[in-house]
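# Structure at a glance
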Amino acid sequence: MLQLYGNPRSRAMRCLWMLEEVGRPYQLVEKTTHADDLQTAEYLRLNPNARIPTLVDGDLVLWESMAINLYLAQRYDGPMHCAGPEVLGLAAQWSFWAVLEIEHLLLNFLEHRALLAEFARDPSVTERNELLLKKPLGVLNDALAVRGYLAGNSFTVADLNVAGILMWGKMARMDLSAYPELTRWLDACLARPAYVRLRDQARRK
Ligand SMILES: N[C@@H](CCC(=O)N[C@@H](CS)C(=O)NCC(=O)O)C(=O)O
């Protein structure tokens, strides 16, 4: 059975979301981000970066959340399967783009808006990051104005990988009103039953 190491309050959430969309049986092996959970000889053999998530599928061990999701999309038939090289290319494009252009800025924004202890929050960081995000979020908004989803007319792993990062903006209550197409699309992605199920499970814990 597929095994995913991680927890839903981390980047493993986007892989759990993908696993739920794919609908194959899997086991979540709970790992926190604490060093004593990750810096063990056993886990370092799976992921020498000592980070989560990690996917184990038989003899294959994969780390990097975006790669895990692109793999799962190719591995199984069904609605999340990339229908052709164009969809796969677009999914890779948007996944790399999201990691390189928005992930760090959004995580940093979330930390300084909500995650850090009050005394450690710096409003100048959120202000700066909001400004730096204007260009990439504009690019995303414009792409979504042309077609409803990132790699065609239906939800694919491209949408999941980008929305799996943009959900941090929602969590941080970032004002996204300047990006109406993005907002419409993000709300549709985050209303998917697979995501809602996981989010509700995580809230109950
Ligand atoms: N680029 C990696 C980043 C993985 C990552 O940084 N995971 C965090 C949790 S969200 C982690 O394991 N942190 C523990 C640490 O850095 O010590 C991915 O997308 O999988």
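## Focus: the pairing of strand 4 (residues 60–63)
The pairing of strand 3 (residues 54–57) with strand 4 spans 4 bridges and is antiparallel. Bridge pairing links Leu-55 to Leu-62 in strand 4. Connecting strand 3 to the next strand, strand 4, in antiparallel fashion are 2 residues, including Gly-58 with a positive phi near 60°.

## A look at the site of the ligand
Within the structure, the ligand sits among Ser-10, Arg-11, Arg-14, Thr-33, Leu-38, Arg-51, Ile-52, Pro-53, Glu-64 and Ser-65. Within the contact set of the ligand, an oxygen atom lies 2.9 Å away from a side-chain nitrogen or oxygen of Arg-51. Here a nitrogen atom of the ligand sits 2.7 Å away from a polar atom, N or O, in the side chain of Glu-64. With the chains in place, 74% of the 510 Å² that the ligand exposes on its own is no longer accessible. Tallied by class, the residues present in the shell around the ligand amount to 3 nonpolar, 3 polar and 4 charged.

## A short note on the environment of Ala-172
Summarising the element assignment, Ala-172 is placed in the loop between helix 7 (157–171) and helix 8 (180–190). Taking the C-alpha atoms as reference points, Ala-172 and Glu-111, separated by 61 residues in sequence, lie 8.3 Å from one another. The contact partners of Ala-172, leaving out residues within four places of it in the chain, are Phe-109, Leu-110 and Arg-113.

## So, the domain arrangement of the protein chain
Its domain assignment divides the protein chain into domain 1 (2–75) and domain 2 (85–192). Each side of the interface is counted separately: domain 1 has 11 residues, and domain 2 has 19 residues. Carbon and sulfur atoms make up 73% of the area that domain 1 and domain 2 hide from each other, which totals about 1,300 Å². When the buried surface of domain 1 facing domain 2 is broken down by residue, Trp-17, Met-66 and Leu-70 rank first, second and third, together holding 48% of it. Among the salt bridges present, the one from Arg-11 reaches Glu-103, with a minimum N-O distance of 3.0 Å. On the surface where domain 1 and domain 2 come into contact, there are 4 residue pairs in polar contact (both at pLDDT 80 or more). Listed by contribution, the elements that provide at least two residues to the side of domain 1 that touches domain 2 are helix 1 (12–22) and helix 4 (65–75). Looking at the side of domain 1 that touches domain 2 residue by residue, the classes come out as 6 nonpolar, 2 polar and 3 charged.

Each value, and the rule that gives it
Residues numbered from 1 in each chain as written. Predicted model: local features only at pLDDT ≥ 70, side-chain atom pairs only at ≥ 80, totals over all residues. Heavy atoms only, no water. Pairing = 2+ DSSP bridges. Helix = DSSP H or I, 4+ residues; strand = E, 2+ residues; numbered from the N terminus. Near = heavy atom within 4 Å. Polar contact = N/O pair within 3.5 Å; in protein donor to acceptor, adjacent residues only side chain to side chain. Areas by Shrake-Rupley, 256 points an atom, 1.4 Å probe, with all protein chains shown as cover. Nonpolar A, V, L, I, M, F, W, Y, C, P; charged D, E, K, R; others polar. Contact = heavy atoms within 4.5 Å. Domains from an automatic or database assignment. Buried area = accessible area lost by both parts, 1.4 Å probe. Salt bridge = Lys/Arg side-chain N within 4 Å of Asp/Glu carboxyl O.

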